[in-house]
Amino acid sequence: SEQLSGVYQELQHQVTQLTRELALANGELHRQLIAKEDLSRQLSFLLNALPGGVLALNADERIEQVNPAALAIFGEPLLGLIWHQVIEERLSSTTVANEWYFKAAQTMKQRRIRVESSAADSTGRRILLVNDITEAYAIQEQIRRNQRLTAMGEMAANLAHQIRTPLSTALLYANHLGSDALTPSERQKFATKTIERLHHLEH
């Protein structure tokens, strides 16, 4: 009886200790759960606040998750669709890698998007980042056009200079030809120089 009583007390002591350890473990798990929920809320907020579209693909290239920006770019539905199906139905290729035209009605302005992909993880999942670059591309095109116009302007100014110099010289010699004070040899010299300048201009 005394032995049983001792064993019982020892068991009670162990149960009490295990209960305390279990309570501590539960408290730690609860804190971790709260921290993970907080992190999940923060990540969800960041995902929803991103100006670019985000699409999460599973190993079968099926869209598992999207953010509001992706829905604004592609429209609904998106969840559950195969990514290549979305490309075929809604996008057309450009001459630049990873850039696409968004298929739209004829009356709508053609939009251009860029799609960047992360490397696949160990399970084959990957993330696509989608940005609407329509305005940025238009600005780049305007800059390139302005650069071409500037180059053309510089070329035209250079050409005008190349024409003006021999023309001015020829006009100067031609004005001398009208002078009554010139001797025949001087007149011949100015005529020759005028013709030389005009030939240079023609060239």
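Preceding block: the structure.
The present account deals with the structure reproduced in this document. (Residues numbered from 1 in each chain as written. Predicted model: local features only at pLDDT ≥ 70, side-chain atom pairs only at ≥ 80, totals over all residues. Heavy atoms only, no water.)

**A look at the side chain of Thr 194**
Reasoning step 1: Along the chain, Thr 194 turns up in helix α5 (residues 184–202).
Reasoning step 2: On the accessibility criterion, Thr 194 (9% relative accessible area) is buried.
Reasoning step 3: Apart from residues no more than four positions distant in its own chain, Thr 194 is found in contact with Ala 170, Tyr 173, Ala 174 and Leu 177. (Helix = DSSP H or I, 4+ residues; strand = E, 2+ residues; numbered from the N terminus. Buried < 20%, exposed > 50% of the residue type's maximum accessible area, 1.4 Å probe, protein only. Contact = heavy atoms within 4.5 Å.)

**A short note on helix α3 (residues 83–90)**
Reasoning step 1: Every buried residue of α3 is accounted for by Trp 83, Val 86, Ile 87 and Arg 90. Burial along α3 is one-sided: seen end-on, the buried residues are contained in an arc of 100°. (Arc of directions from axis to C-beta.)

**Quick notes on the sheet that holds strand β2 (residues 63–66)**
Reasoning step 1: The strand order β2-β1-β6-β5-β4-β3 describes an open sheet built from 6 strands, whose pairing is antiparallel. Bordering the open sheet on either side are β2 and β3 (91–93), each of which pairs with just one other strand. Averaged over all pairs of adjacent strands, the angle between strand axes in this sheet comes to 30°, irrespective of strand direction.
Reasoning step 2: Strands β1 (53–57), β2, β3, β4 (99–102), β5 (111–117) and β6 (126–132) of the sheet are contacted by α3, whose axis makes an angle of about 80° with β3. (Pairing = 2+ DSSP bridges. Axes fitted to C-alpha atoms, helices over the stretch in contact; angles between N-to-C directions.)

**Observations concerning the nonpolar core**
Reasoning step 1: Grouped together as the largest cluster of nonpolar side chains are 18 residues, with contacts concentrated most on Leu 55, Ile 63, Phe 74, Leu 78 and Trp 83.
Reasoning step 2: For this core, the secondary-structure elements that each account for two or more residues are β1, β2, α2 (68–74), α3, β5 and β6.
Reasoning step 3: Look past the residues within four positions of Ile 63 in its chain and what remains in contact with it is Leu 55, Ala 56, Leu 57, Leu 78, Leu 79, Gly 80, Leu 81, Trp 83 and Val 86. (Core = buried A, V, L, I, M, F, W, Y, C linked by side-chain atoms within 4.5 Å.)

**So, the packing of helix α4 (residues 134–177) against α5**
Reasoning step 1: Two elements in contact, α4 and α5, have axes separated by 8 Å at closest approach and are oriented at 160°. Considering the angle they form, α4 stands roughly antiparallel to α5. In terms of crossing hand, the pair formed by α4 and α5 is left-handed. Across from Ile 163, Pro 166, Leu 167, Thr 169, Ala 170, Tyr 173, Ala 174, His 176 and Leu 177 in α4, the residues of α5 making contact are Arg 187, Phe 190, Ala 191, Lys 193, Thr 194, Arg 197, Leu 198, His 200 and Leu 201. (Parallel < 35°, antiparallel > 145°, perpendicular 65-115°, else oblique. Left-handed = near helix turned anticlockwise from the far one by under 90°.)

**With respect to the pairing of β2**
The two faces of a sheet get side chains in turn, since along a regular strand they alternate between them.
Reasoning step 1: Pairing geometry for β1 and β2, over 3 bridges, is antiparallel. Residue pairing in the sheet places Ala 56 in a bridge with Gln 65 of β2.
Reasoning step 2: Taken together, β1 and the strand that follows it, β2, pair antiparallel across an intervening segment of 5 residues, in which Glu 61 is found at a positive phi of about 65°.

**Some details on the packing of aromatic side chains**
Reasoning step 1: If you walk through the whole model with that rule in mind, you get 3 aromatic pairs.
Reasoning step 2: Aromatic pair Phe 74 and Trp 83: ring centres 5.9 Å apart, planes at 85°, arrangement edge-to-face.
Reasoning step 3: Of the residues examined, Phe 74 reaches a relative accessible area of 5% and is grouped as buried.
Reasoning step 4: Grouped by ring-pair contacts, the aromatic residues Phe 74, Trp 83 and Phe 102 constitute a single cluster.
Reasoning step 5: The ring of Phe 102 carries Arg 111 above its face, with NZ or CZ at 4.8 Å from the centroid.
Reasoning step 6: Above the plane of the ring of Tyr 137 lies Arg 112, whose end atom (NZ or CZ) is 3.9 Å from the centre. (Phe/Tyr/Trp six-rings, centres within 6.5 Å; stacked < 30°, edge-to-face > 60°. Lys NZ or Arg CZ within 6 Å of the ring centre and 35° of its normal.)

**Details of the pattern of salt bridges**
Reasoning step 1: Across all of its chains, the model carries 8 salt bridges by this definition.
Reasoning step 2: One salt bridge in this structure joins Arg 126 and Glu 61, with 2.6 Å as the shortest N-O distance. Remark: Glu 61 occurs in the loop between β1 and β2 and Arg 126 occurs in strand β6; sequence separation between them is 65 residues. Here the two residues Arg 126 and Glu 61 agree in accessibility, since each one is buried.
Reasoning step 3: Here Arg 114 ties to Glu 99 by a salt bridge, and the two come within 3.2 Å at their closest N and O atoms. One end of the pair, Arg 114, is in strand β5; the other, Glu 99, is in strand β4, and 15 residues separate them in sequence.
Reasoning step 4: Accessibility expressed as a relative area gives 27% for Arg 114, which makes it partly exposed.
Reasoning step 5: Judged by relative accessible area, which is 12%, Glu 99 ranks as buried.
Reasoning step 6: A single salt-bridge network, built from bridges that share partners, covers Glu 99, Arg 112, Arg 114 and Glu 116. (Salt bridge = Lys/Arg side-chain N within 4 Å of Asp/Glu carboxyl O.)

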